[in-house]
Amino acid sequence: MSMKHSSSAGGETCADKGGNDESSDLLTPPRARALLCSHIGRFDHISTMKRPKLKKASKRLTCSKRYKIQKKVRDHTRKLRKEAKKKGVSKRVKKDPGVPSSAPFKEEVLREAEQRRLQIEEEKEKKRQAKILERAQKRKKEKEVTSKETEPKAKKARQDDVGKRQEKPFAPDRNSKQYFCSELNKVIDASDVVIEVLDARDPLGSRCPQLEEAVLKREGNKKLILVLSKIDLVPKENVERWIQCLQLEFPVVAFKASTQIKDKTVRARKRTIVASNEVLDRSRAAACFGNSCLTELLASFAGNTQSEASLRVGVVGFPNVGKSSLVNSMKGILACNAGIKRGITKSMQEVHILKNVKLIDSPGVVASPSNPPASMALRSLQVEEGQESVLEAVRTLLKQCDHSQIMLQYNVPDFRNSLEFLTLFAKKHGYLQKGGVPNTEQAATAFLADWTGAKMSYHCKAPDNHSLPSYMSDAVVAEMRNGWDLNNLKTGNEETLKGVKFPNQASSVSFISKGPTAGLLSVNDVSEEKLGAAATEREAEQKENEPEQTPKEAKETEAPEKQQVLLKKTPGHVQFQSVPIDISLSAATTNDTYDFNTDFK
């Protein structure tokens, strides 16, 4: 506006001074004012005018305008903060200070809080999955309704007829117990020789009486031999004692599988890399012992048979005893999948190791639910199937071991129960959750993998007095030994025991075996066991609720239990238990003051 006024004033002076000039007509006040306004309007429009080569107009602002907007926004937010402060409303969420380090039972409080948080998350996840399922069912119903309305009746009738004609049986579930039993029976029927693989750490617990009895009763005069695997995890004296004990029933082969067998392609690439030191190669579990002895034994037996067909050898046993590792070690390459996880092998698989010898790998024997909890923790797939928690499996295993040996083996301080042991184990190995809370679930999984895999060294004592099972006799033992080169087998086992590096007796944990593990071989047995499993589950739940007792507490509870048994022998009569009372003179004349040494020593 100041420019406009000055221009108008200038125009008046020019007009007054030069009224006779021609240019004075052009700079009259109205004209000058209009010209100046048109120029100003043109420059104001430059910031918002649409440029020719761009689709959108520019959004740039002058600095003064931008600063003005920012200032107004700051004033507005300041005003809102003041109002909220007056009302006492605060948007800031107070930070949880957590449990102080000096608080007693800090670990228990943190563990309970973590369990509560996991439970809430699990409930939320269940609700979310239920909503998703409900929506999917609703959409499916809507689609069915619309398709029925739009589809013609003739087409519906045609599809119904085709569906009735092409009715096919459903494919069996490869993870079901019935499928495992059927595959195991196929392996037994197709085999001329059956190898039962036993874990050398617990050979008696690895034996299945039902399996051995089924092999002996099958037609075709089948032979049964035992293979002691994982002998490098057991003291040498213990292995020799078990071989002597088991040889009274069946031929026994000592075996140590290689855990570093690679695939053909990997082996071809790394053929030039050879271990310079043989001892170093053995220490890395690359060496295999007993494969030459077993191969010669099977080859000689196949040569004695007059049949032209190749000898079929079935490899059976409970999960994770080393069946697939034995097949891979005999073949020399990774022919079957093997690992720490139990139940990897799902179906039978044939592998040729010689021209006239063929091995048949099989899934693990299904353990019966009627077995003791310790046997189920080591031999069954209940943990993998979700029927039993890992924590309960670890608890049952710790009950069968010496307390001091577990402390020395895992280098942990004294513990009262399995939960405290897993807490110490998790801290030592770094299994921690958010906030430094020990992850007992992960620690229990690692502990169980040590016991079922080829890592933990433990041993069971061989029985002093041996007796044949009910399904065995002297004639059956002589028949099982017939056809084998037992002298060659004995020398082969001696060479194997000389080559393997065994652990020391003091470094191995002594384990209490629960005897042979019962197995299921038929589909009918599986259905019958399901009915009996309900009662065992109830008993297990009751045992879970009972607190664990230390050896001292167990001794203290023995005396009251004995007294209760004596009182229950004569029901219907009121009996009073005598209590010893000191009525000596010294007791009567003493002072009435309380002696703290009686309770607090």
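Think of each chain on its own: its residues are numbered from 1, step by step along the sequence as written. Under the rules for a predicted model, residues below a pLDDT of 70 receive no local features and side-chain atom pairs below 80 are neither given nor counted, while totals for whole chains, interfaces and linings still include all residues. The side-chain quantities take in all heavy atoms of the structure and omit both hydrogens and water.

**Q** Please give an account of the overall build of the protein chain that cites residues and values.
**A** Numbering of helices and strands starts at the N terminus; helices are DSSP runs of H or I of at least 4 residues and strands are runs of E of at least 2. Each helix and strand counted, the protein chain has 24 helices and 10 strands in total. For the protein chain, buried positions account for 32% of its 601 residues. The contact criterion used is simple: two residues touch if any of their non-hydrogen atoms lie within 4.5 Å. For the protein chain, the share of sequence-separated contacts (at least 6 apart) that also reach a separation of at least 24 residues comes to 75%. Looking at the protein chain as shown, the accessible area adds up to about 40,800 Å², and 53% of this sits on carbon and sulfur atoms. Relative accessibility thresholds used throughout: buried, under 20% of the residue-type maximum; exposed, over 50%; partly exposed, between the two (1.4 Å probe, protein chains only). For the area figures, the Shrake-Rupley method with a 1.4 Å probe applies, and any residue is considered shielded solely by the protein chains shown.

**Q** Describe the pattern of salt bridges, with residues and values.
**A** By salt bridge we mean one thing: a side-chain nitrogen of Lys or Arg within 4 Å of a carboxyl oxygen of Asp or Glu. Tallying each qualifying case throughout the model produces 20 salt bridges. Measuring nitrogen to oxygen at the nearest pair gives 2.7 Å for the salt bridge that ties Arg-207 to Glu-249. In this pair, Arg-207 sits in the loop between α7 (203–206) and α8 (209–217) while Glu-249 sits in the loop between α9 (236–246) and β3 (252–254), placing the two residues 42 residues apart along the sequence. Each of the salt bridges in this network shares a partner with another, and the network as a whole consists of Glu-114, Arg-117 and Glu-121.

**Q** Before we move on, could you go through the packing of aromatic side chains and cite the residues and values that matter?
**A** Pairs were defined over the aromatic rings of Phe, Tyr and Trp, the Trp ring being its six-membered one, requiring ring centres within 6.5 Å. Orientation was assigned from the angle between planes: stacked under 30 degrees, edge-to-face over 60, tilted for the rest. In the structure shown here, the tally under the stated rule is 13 aromatic pairs. Here Phe-425 and Tyr-431 contribute two aromatic rings whose centre-to-centre distance is 6.3 Å and whose plane-to-plane angle is 50°, an arrangement assigned as tilted. Here the aromatic rings of Trp-451 and Phe-511 are separated by 5.7 Å at their centres, their planes lie at 55°, and the arrangement is tilted. Remark: Phe-511 occurs in the loop between β9 (509–510) and β10 (519–520) and Trp-451 occurs in helix α19 (residues 440–452); sequence separation between them is 60 residues. Pairwise contacts between aromatic rings join Tyr-410, Phe-415, Phe-421, Phe-425, Tyr-431, Phe-447, Trp-451, Tyr-458 and Phe-511 into one cluster.

**Q** Outline the packing of helix α16 (residues 390–399) against helix α18 (residues 418–429), listing residues and values.
**A** Running from amino to carboxyl end, α16 crosses α18 at an angle of 105°, the nearest separation of the two axes being 10 Å. Classified by the angle between their axes, α16 and α18 sit roughly perpendicular to one another. Facing α16, whose interface residues are Leu-391, Val-394, Arg-395 and Leu-398, α18 presents Ser-418, Phe-421 and Leu-422. An axis is simply a line fitted to the C-alpha atoms; with a helix, the fit covers only the stretch in contact. Between two such axes, the angle follows the N-to-C directions and lies from 0 to 180 degrees. Oblique is the label for every angle not falling under 35 degrees (roughly parallel), over 145 degrees (roughly antiparallel), or within 65 to 115 degrees (roughly perpendicular).

**Q** I'd like to hear about the sheet that holds strand β5 (residues 349–352), residue by residue, with values.
**A** At least two bridges found by DSSP between two strands are what make those strands a pair. Here 6 strands make up an open sheet; going across it, the order is β3-β2-β1-β4-β6-β5 and the pairing mixed. In the strand order of this sheet, the two ends are held by β3 and β5, each with one partner. Strand-to-strand twist of the sheet, defined as the mean angle between neighbouring strand axes without regard to direction, takes the value 25°. Sheet analysis places strand β2 (residues 223–229) next to β3, joined by 3 bridges and oriented parallel. Each bridged residue has a counterpart across the sheet, and for Val-227 the counterpart in β3 is Val-253. Helix-sheet contacts for helix α13 (residues 323–331) involve β1 (193–199), β2, β4 (311–316), β5 and β6 (357–361), and the interaxial angle to β6 is about 155°.

**Q** If you had to explain empty space enclosed by the protein to someone new, which residues and values would you point to?
**A** The method works on a 1 Å grid over the protein atoms by themselves. A cavity is a set of points holding a 1.4 Å probe that cannot get out, a pocket is an open set with protein on both sides within 12 Å along at least five of seven lines, and residues with an atom within 4 Å of a point line them. Grid points are joined across faces, edges and corners, and a volume is the space filled by probe spheres set on the points. Overall, the coordinates contain 3 cavities of 30 Å³ or more when judged by the stated rule. Considered as a void within the structure, the largest cavity measures approximately 130 Å³ in volume. Lining the largest cavity are 15 residues; nearest its centre among them are Lys-177, Val-366, Ala-367, Ser-380 and Leu-381. Every element with two or more residues in the lining of the largest cavity is listed here: α6 (177–190), β7 (366–367), α14 (373–379) and α15 (382–385). In this structure, the second largest cavity encloses a volume near 40 Å³. Taken together, Phe-180, Pro-319, Gly-343, Thr-345, Pro-363, Gly-364 and Leu-381 form the lining of the second largest cavity. Side-chain classes follow a simple rule in which Ala, Val, Leu, Ile, Met, Phe, Trp, Tyr, Cys and Pro form the nonpolar group, Asp, Glu, Lys and Arg form the charged group, and the remainder, Gly included, forms the polar group. Its residues assigned to classes, the lining of the second largest cavity shows 4 nonpolar, 3 polar and no charged.

**Q** Just give me the short version of the side chain of Thr-396, but keep the residues and values in it.
**A** The residue Thr-396 is located in helix α16 in this model. Each polar contact in these results corresponds to two N or O atoms within 3.5 Å; when the atoms are within protein, one needs to be able to donate a hydrogen and the other to accept it, and residues that are neighboring in sequence are counted only if both atoms are side-chain atoms. From its side chain, Thr-396 meets the backbone oxygen of Ala-393 in a polar contact 2.7 Å long. Contacts of Thr-396, omitting those with residues within four sequence positions, involve Pro-373, Ala-374 and Ala-377.

**Q** Please provide a residue-by-residue account of the side chain of Gln-400, values included.
**A** Examined against the element boundaries, Gln-400 turns out to sit in the loop between α16 and α17 (403–410). In contact with Gln-400, other than residues within four places in its own chain, are Ala-374, Ser-510, Phe-511, Ile-512 and Lys-514.

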